[in-house]
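Fold and geometry: a report
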Amino acid sequence: MPKETSLTEYVARFIVDTISRRIPRDVMHLGKRSILDGIGLAIAGNAAASGRIVRDYLTALGCARPDGCSVIGTDLKLPARFAAFANGIAIHADDYDDTQLAVAKDRVYGLLTHPTAAALPPALALGERDNRSGLDVLTAYQIAVEVETKLAEAINPRHYDDGFHSTGTLGTFASAAASARLMALDVEQTRRALGIAASQSAGLRENIGTMTKPFHPGRSAESGIIAADFAKLGWTATPIVLEAGRGFFKAAGGGYDRQAIDGRLGNPWTFAFPGVSIKPHPSGSLTHPGMGLMLDLIHAHDIRPEQVVKVRVGTNRHMPNALIHHRPRNELQAKFSMEFCMAILLLERKAGLAQFTDEVVNRTDVQKMIEHVEFSVHPIAEAAGYEKMTTIIDIALTDGRTVSGSADFGKGSPTNPMSDE
């Protein structure tokens with residue numbers, strides 16, 4: 001875009017003007033995979049304890065209606081904003097959802113977003129409400145993911161380092177983008193929708209390991225619909241909310257890298273490069289390279305729990321900043337515990353929804369194995385760059401051997417993708 005053009009206007013024009021048939025076929029296919037992943041996770045998440053609380057809350061509001069939008073995996077039908085809220089929470093409830101990869105070396109992997117949790121729920125809800133085509137919904141979802149991920153790549157890393165949860169903060173813009181597209185807002189209305197969305201952007205990482213973490217994309221999904229609704233009704237907001245001196249990038253991150261977003265929307269699409277990773281385990285994405293590596297080492301050397309003396313796990317300094325629960329006592333804490341993830345694989349050689357329960361986390365053998373795991377910063381992993389999740393594992397065994405390995409990414413990443421099946 002020309003340098004004199006407002007950044008917010010550029011983003012708004014991308015939302016409004018993108019032509020469906022010009023989105024590359026491979027990008028569309030990858031988006032469909034993440035959509036299927038998201039719908040499956042919503043079914044699981046709406047069956048979780050948080051899902052039941054959300055449904056109790058929304059039912060008590062008296063807003064259920066037979067012609068409403070679907071809360072996935074349930075019979076509940078609600079106005080679009082509330083269906084998006086419930087489904088956004090559900091997709092992220094088990095921390096099993098897809099994850100954006102980074103381009104720049106200082107764009108800490110964990111800083112980036114779980115794109116589908118906030119982008120898909122408004123697209124599905126509004127598509128259902130307004131009887132839009134599958135192509136319309138898929139296009140709105142693609143636009144939402146692209147806006148969300150490029151904003152995440154652009155904002156200064158201070159945003160994440162100081163405690164913001166990017167899936168919550170930037171997810172609000174994703175939802176606003178999808179909503180503006182499906183409501184057919186014009187460029188000026190969309191600029192205002194982005195302005196309204198920015199003032200609703202929220203989410204703090206201190207809530208990692210609690211129900212409030214998935215609350216963030218749920219509120220983001222709802223807030224984007226609200227933003228587009230109000231913009232369509234004529235509500236006013238600044239048209240330069242992204243780049244303004246008191247705007248989003250400055251207030252939430254202290255600034256941004258214009259080159260990371262200027263002219264970059266759809267050029268290339270994030271699904272094409274650097275890609276979006278789909279999770280094989282319901283835990284924080286930063287655990288996944290280590291989990292895949294641990295499984296490989298276990299199978300290659302037939303490691304049994306009783307053989308393990310010590311497990312040393314080394315990463316860059318930002319990963320312990322997110323994996324904060326070193327002695328977890330419930331399933332939500334365990335999702336952000338490298339120690340638990342290593343321990344459960346050594347004990348059971350798998351880590352799915354059945355392993356991430358309060359009962360399993362508090363088993364005596366699990367708690368004892370956790371004590372054998374040491375998680376710290378490793379200089380080689382630190383030097384590898386923060387756009388990676390380099391994880392180095394050394395397992396000391398009772399026979400005197402040490403089994404070692406390293407990995408940058410986990411199964412489900414573009415470098416080690418899952419099959420469609």
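Calculation notes
Along every chain, residues carry numbers that run from 1 in the direction the sequence is written. Reporting in this predicted model follows two pLDDT cut-offs: at least 70 for local features of residues, and 80 or more for side-chain atom pairs to be given and counted; totals over whole chains, interfaces and linings ignore these cut-offs and use all residues. Excluding hydrogens and water, the side-chain values take into account all heavy atoms of the structure. Only DSSP runs of H or I covering at least 4 residues are called helices, and only runs of E covering at least 2 are called strands; the numbering of each starts at the N terminus. This radius of gyration counts C-alpha atoms alone. The globule rule is 2.2 Å times how many residues there are, raised to the power 0.38. Burial classification: accessible surface area is computed with a 1.4 Å probe over protein chains only, and a residue below 20% of its type maximum counts as buried, one above 50% as exposed, and the rest as partly exposed. Note on aromatic contacts: the rings of Phe and Tyr and the six-membered ring of Trp form a pair at centre separations within 6.5 Å, being stacked when their planes are under 30 degrees apart, edge-to-face when over 60 apart, and tilted otherwise. Look at NZ for Lys and CZ for Arg. If either is within 6 Å of the ring centre and within 35 degrees of the ring normal, a charge sits over the ring. Two strands pair if DSSP finds at least two bridges between them. Each axis is a line fitted through C-alpha atoms, and for a helix only the stretch in contact is used; angles between axes span 0 to 180 degrees, taken between their N-to-C directions. The salt bridge criterion pairs a side-chain nitrogen of Lys or Arg with a carboxyl oxygen of Asp or Glu, the two atoms within 4 Å. Contact criterion: two residues are considered in contact whenever any of their non-hydrogen atoms come within 4.5 Å of each other. For classification purposes, an angle smaller than 35 degrees is called roughly parallel, one larger than 145 roughly antiparallel, one from 65 to 115 roughly perpendicular, and anything else oblique. Left-handed describes a crossing in which the near helix is turned anticlockwise from the far one by less than a right angle; the clockwise case is right-handed. In this classification, Asp, Glu, Lys and Arg are treated as charged, Ala, Val, Leu, Ile, Met, Phe, Trp, Tyr, Cys and Pro as nonpolar, and every other residue, Gly included, as polar. What a helix should span is 1.5 Å times the count of its residues minus one. Put simply, buried Ala, Val, Leu, Ile, Met, Phe, Trp, Tyr and Cys residues joined by side-chain atoms within 4.5 Å make one nonpolar core.

**Notes on the overall build of the protein**
When helices and strands are tallied, the protein shows 18 helices and eight strands. Scaling as 2.2 N^0.38, a compact globule of 421 residues should have a C-alpha radius of gyration of about 22 Å, and the protein matches this with 21 Å. Across its three principal axes, the protein shows a C-alpha extent of roughly 70 × 50 × 40 Å. Here the protein, with 421 residues, has 59% of them falling under the buried criterion.

**Points about the packing of aromatic side chains**
By the definition in use, this model includes eight aromatic pairs. Ring geometry for Phe85 and Phe215: centres 5.7 Å apart, planes at 90°, overall edge-to-face. Taken together, the positions of Phe85 in helix α4 (residues 80-93) and Phe215 in helix α11 (residues 212-233) put the pair 130 residues apart, joining distant regions of the chain. Ring geometry for Phe249 against Tyr256: centres 4.4 Å apart, planes inclined by 15°, an arrangement best described as stacked. Within the aromatic cluster, the residues linked to one another by ring pairs are Phe173, Phe248, Phe249 and Tyr256. Lying across the ring of Tyr160, Arg205 places its NZ or CZ 4.0 Å from the centre.

**What to know about the sheet that holds strand β7 (residues 391-397)**
With mixed pairing, the four strands of this open sheet are ordered in space as β6-β5-β7-β8. For this open sheet the edge positions go to β6 (373-377) and β8 (402-407), each flanked by a neighbour on one side alone. When the angles between neighbouring strand axes are averaged without regard to direction, this sheet yields 15°. Examined bridge by bridge, strand β5 (residues 308-315) and β7 share six bridges and lie antiparallel to one another. Along β7, the bridge assignment pairs Val308 with Leu397.

**What about the pattern of salt bridges?**
Scanning all chains against the criterion turns up 22 salt bridges. Salt-bridge contacts for Asp420 lead to Arg33; the nearest nitrogen and oxygen are separated by 2.5 Å. Here Asp420 is found in the segment after β8, whereas its partner Arg33 is found in helix α2 (residues 25-47), with 387 residues between them in sequence. Measuring nitrogen to oxygen at the nearest pair gives 2.9 Å for the salt bridge that ties Asp365 to Arg363. Given the relative accessible area of 26%, Arg363 is considered partly exposed.

**Observations concerning the side chain of His114**
You can see His114 is positioned in the loop between β3 (99-100) and α5 (115-129). Using a relative accessible area of 7% as the deciding quantity, one classes His114 as buried. Sequence-distant contacts of His114, that is, excluding residues within four places in its chain, are made with His92, Asp95, Asp97, Asp98, Thr99, Glu148, Thr167, Lys213 and Lys279.

**What about the packing of α5 against α11?**
Look at α5 against α11: their axes get within 8 Å of each other, and the N-to-C directions meet at 45°. In terms of their interaxial angle, α5 and α11 are classed as oblique. The interaxial crossing formed by α5 with α11 has right-handed handedness. Where α5 abuts α11, its residues Ala117, Ala118, Pro121, Pro122 and Leu126 lie against Pro217, Ser220, Ala221 and Ile225. A per-class count over the contact of α5 with α11 returns eight nonpolar, one polar and no charged.

**A few points about the pairing of β5**
Bridge analysis of β5 against β6 gives five bridges, and the strand direction is parallel. Paired with Thr315 across the bridge in β6 is Val377.

**What to know about α4**
Taking 1.5 Å as the rise per residue, α4 with 14 residues should run 20 Å; its terminal C-alpha atoms sit 20 Å apart, in good agreement. Summarising burial for α4: 13 of the 14 residues are buried, a large majority. Looking one or two residues beyond α4, the residue adopting positive phi is Asp95, at roughly 50°.

**Quick word on the nonpolar core**
Judged by nonpolar contacts, the single largest core of 80 residues is most densely connected at Val11, Tyr141, Val147, Phe173, Leu242 and Phe248. By residue number, the principal contributor to this core is helix α6 (residues 134-154), which donates eleven residues. Not counting residues within four places of it along the chain, the set of residues in contact with Val147 comprises Val11, Phe14, Ile15, Phe173, Ala177 and Leu265. Within the second largest apolar cluster, 41 residues are counted, among which are Met291, Val313, Met342 and Val373.

**A look at unusual backbone geometry**
Most peptide bonds take the trans configuration, and most residues that are not glycine carry a negative phi. Here the bond from Asn267 into Pro268 is cis, since omega is -5°, no more than 30 degrees from zero. Positionally, Pro268 belongs in the loop between α12 (248-253) and β4 (276-277). Of note in this structure, Asp95 is not a glycine but carries a positive phi near 50°. Here Asp95 shows up in the loop between α4 and β3. The class for Asp95 is buried, based on a relative accessible area of 2%. Even without being glycine, Asn131 reaches a positive phi, approximately 55°.

**A closer look at helix α15 (residues 338-348)**
A large share of α15 lies buried, amounting to nine of its eleven residues. All of the buried residues along α15 are Met338, Glu339, Phe340, Cys341, Met342, Ala343, Ile344, Leu345 and Leu346.

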